[in-house]
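The residues making up each chain are set out below.
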Amino acid sequence: DRVPHSATNVSSNLFPLTLESFSGLEHEARLRAFSRMLDLCSHHDHVALREELEARLARDFLTLLPPEIAVMILSYLPLKDLITGMHVCRRWREIISGATADPLWKNAANEIGLNG
């Protein structure tokens, strides 16, 4: 069953209007609209939505903290985890390697007797 060409045009013309209408809704009305849209979605749509939301909501808590707090939290990690943490991203490497304080990895190595 093919969708008639005229139905496709109507759908594509209504989409911008639908988004414009949605953007003008109050918070509670948006929540009701979300709920209704979710009712109309398939399981695959829900999975895709979950993946999109996870990506949009992901936060690197460590880089959101003041550097001295991040160092304090990371100072509780064993040397192995600090070394792994240095590979997470440039900012974590800076924090662990001592760009903002004494090198955490060096302190952890000293604690287990690996002071060279």
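Procedures and definitions
- Residues numbered from 1 in each chain as written.
- Predicted model: local features only at pLDDT ≥ 70, side-chain atom pairs only at ≥ 80, totals over all residues.
- Heavy atoms only, no water.
- Helix = DSSP H or I, 4+ residues; strand = E, 2+ residues; numbered from the N terminus.
- Buried < 20%, exposed > 50% of the residue type's maximum accessible area, 1.4 Å probe, protein only.
- Contact = heavy atoms within 4.5 Å.
- Areas by Shrake-Rupley, 256 points an atom, 1.4 Å probe, with all protein chains shown as cover.
- Salt bridge = Lys/Arg side-chain N within 4 Å of Asp/Glu carboxyl O.
- Patch = residues over 30% accessible without salt bridge, like charges linked within 9 Å, V, L, I, M, F, W, Y side chains within 5 Å.
- Arc of directions from axis to C-beta.

### A word on the overall build of the protein
Step number 1: Each helix and strand in the protein was counted, giving 8 helices and 0 strands.
Step number 2: Counting from the amino terminus, the protein carries its helices and strands in the arrangement α-α-α-α-α-α-α-α.
Step number 3: Looking at the 116 residues of the protein, the share that counts as buried comes to 14%.
Step number 4: For the protein, long-range pairs separated by at least 24 residues make up 41% of all intrachain contacts whose partners lie at least 6 apart in sequence.
Step number 5: When the accessible area of the protein is evaluated, it comes to approximately 9,400 Å², of which 60% is carbon and sulfur surface.

### Remarks on the pattern of salt bridges
Step number 1: The full count for this structure, using the stated rule, is 4 salt bridges.
Step number 2: Residue Glu-94 is joined to Arg-90 by a salt bridge in which the shortest nitrogen-to-oxygen separation is 3.2 Å. You can see Glu-94 and its partner Arg-90 sitting in helix H7 (residues 90-97), 4 residues apart, about one turn around the helix.
Step number 3: Glu-94 sits in the partly exposed class, given a relative accessible area of 24%.

### Observations concerning a nonpolar patch on the surface
Step number 1: Residues Phe-61, Ile-69, Met-72, Ile-73 and Tyr-76 make up a contiguous nonpolar surface patch of roughly 550 Å² in combined accessible area.
Step number 2: In terms of residues, the nonpolar patch owes the most to one element, helix H5 (residues 67-74), which gives 3 residues.
Step number 3: Mapped onto the secondary structure, Met-72 falls in helix H5.

### Description of H5
Step number 1: Among all positions of H5, only Ala-70, Val-71 and Leu-74 are buried. Across the axial projection of H5, the buried residues extend over an arc of 100°, all falling on one side.

### A few points about the environment of Pro-67
Step number 1: Mapped onto the elements of the fold, Pro-67 is located in helix H5.
Step number 2: Residue Pro-67 is classed as partly exposed on the basis of its relative accessible area of 30%.
Step number 3: Along the backbone, Pro-67 and Glu-94 are 27 residues apart, and their C-alpha atoms lie at a distance of 10.0 Å.

### A closer look at the environment of Lys-106
Step number 1: Turning to its location among the elements, Lys-106 is positioned in helix H8 (residues 104-111).
Step number 2: By relative accessible area, Lys-106 is classed as partly exposed at 45%.

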